Amino acid sequence: MKFITRYTALAVLLCLSVHSLAADTPKPRRTTISLLANGKEVAGLVLLPGQGQRQISVEAINQTWTAEGFHASGHVQLTMIMENTTPITLYGDELTLRSEELDADQAQALADLKAMGASDQSIRANPAHLNKDDWARQEAIDKTNMTHLASIIKRYGWPGMRFAGAAYAKNAFMVLQHADSASQRTYLPLLREAVSRGEVPASDLAMLEDRVLKSDGKAQLYGTQYESFAPLKLYLVADPARLDERRRTMGLPPMEVQLQQMQQMYQSN
């Protein structure tokens, strides 16, 4: 990993270009960047091996290098440039960057989470066109993925954003969301705890809560589950008058917007 520092009259510019964090180090690394404002974390980024090229630039009045990484303070400006995306700039009071080596087991767990994301969507990506044989193959993949995920959870706990980064943490959620109902009930408490720590989006928890309620034959809370997709029919909802209020607390859009998006998706397929 390579850091380049340039000094200006009032600021320090840190450029970090990551193609593969394992490329120029003996071991793969996990780099965590936290941006704070008024003492609270307002943005974070976890860089992992094999996630493509990223360029991170930081401007700040003060900067300090430590054994663990980099610290900046005073009118901090963080700009992130991902592959084929528009640059994103965030502002805060303080920034920390920490980099740590991954051991072989951690690196393998992250590689497995990456692979799970691809296989989870390998067949079900176009659900309107699947037949019984297609679903049988996808269910076999889902079972294998859940076995691998259970092994990771046993060793590291729920693989949230700080361990796995946002993309691979989302893969872990998708595997559980598509797993058998017994696994969903088993790991639902862990997902609740992860949400309380800010490791998982509340919207993921809403979907799993509804999935478990539906499996138990109970009315859902957040309107994420459907009876059918052709025609589109929402599964039973508890207290429909307060549905959008509950959805808002979990970071979900209004139900009317969600239904429009679902109709467009299935019409396009």
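Note that the structure is a prediction, hence the values are computed from the model and not measured.

Reading the values: the criteria
Residues numbered from 1 in each chain as written. Predicted model: local features only at pLDDT ≥ 70, side-chain atom pairs only at ≥ 80, totals over all residues. Heavy atoms only, no water. Helix = DSSP H or I, 4+ residues; strand = E, 2+ residues; numbered from the N terminus. Buried < 20%, exposed > 50% of the residue type's maximum accessible area, 1.4 Å probe, protein only. Core = buried A, V, L, I, M, F, W, Y, C linked by side-chain atoms within 4.5 Å. Contact = heavy atoms within 4.5 Å. Axes fitted to C-alpha atoms, helices over the stretch in contact; angles between N-to-C directions. Parallel < 35°, antiparallel > 145°, perpendicular 65-115°, else oblique. Left-handed = near helix turned anticlockwise from the far one by under 90°. Nonpolar A, V, L, I, M, F, W, Y, C, P; charged D, E, K, R; others polar.

**Student:** Looking at this structure, I do not really get unusual backbone geometry. What am I missing?
**Tutor:** With phi around 50°, H75 is a residue other than glycine that occupies positive phi space. In this structure, H75 sits in strand β7 (residues 69-82). H75 gets classed as exposed once you look at its relative accessible area, which sits at 68%. Within the chain, D239 stands out as a residue other than glycine whose phi angle is a positive 45°.

**Student:** I'm lost on the nonpolar core in this one. Help?
**Tutor:** Core analysis: the biggest nonpolar cluster contains 33 residues, and L110, L113, M146, L149, W158, L176 and L191 have the highest contact counts within it. Beyond its immediate sequence surroundings of up to four residues, L149 is in contact with L113, M116, W158, P159, A172, V175 and L176. With 15 residues, the next largest nonpolar core counts L47, I56, A60 and L78 among its residues.

**Student:** Help me out: how do you make sense of the packing of helix α1 (residues 104-120) against helix α3 (residues 161-177) in this one?
**Tutor:** To describe two helices that pack against each other, one gives the angle between their axes and the distance between the axes. The geometry of α1 relative to α3 is characterised by a closest axis approach of 8 Å and an angle of 50° between their N-to-C directions. For the element pair α1 / α3, the angle class is oblique. Here α1 runs over α3; the crossing is left-handed. Within the contact between the two elements, α1 uses Q106, A109, L110, L113, K114, M116, G117 and D120 and α3 uses F163, A164, Y168, N171, A172, M174 and V175. Its residues assigned to classes, the contact of α1 with α3 shows 10 nonpolar, three polar and two charged.

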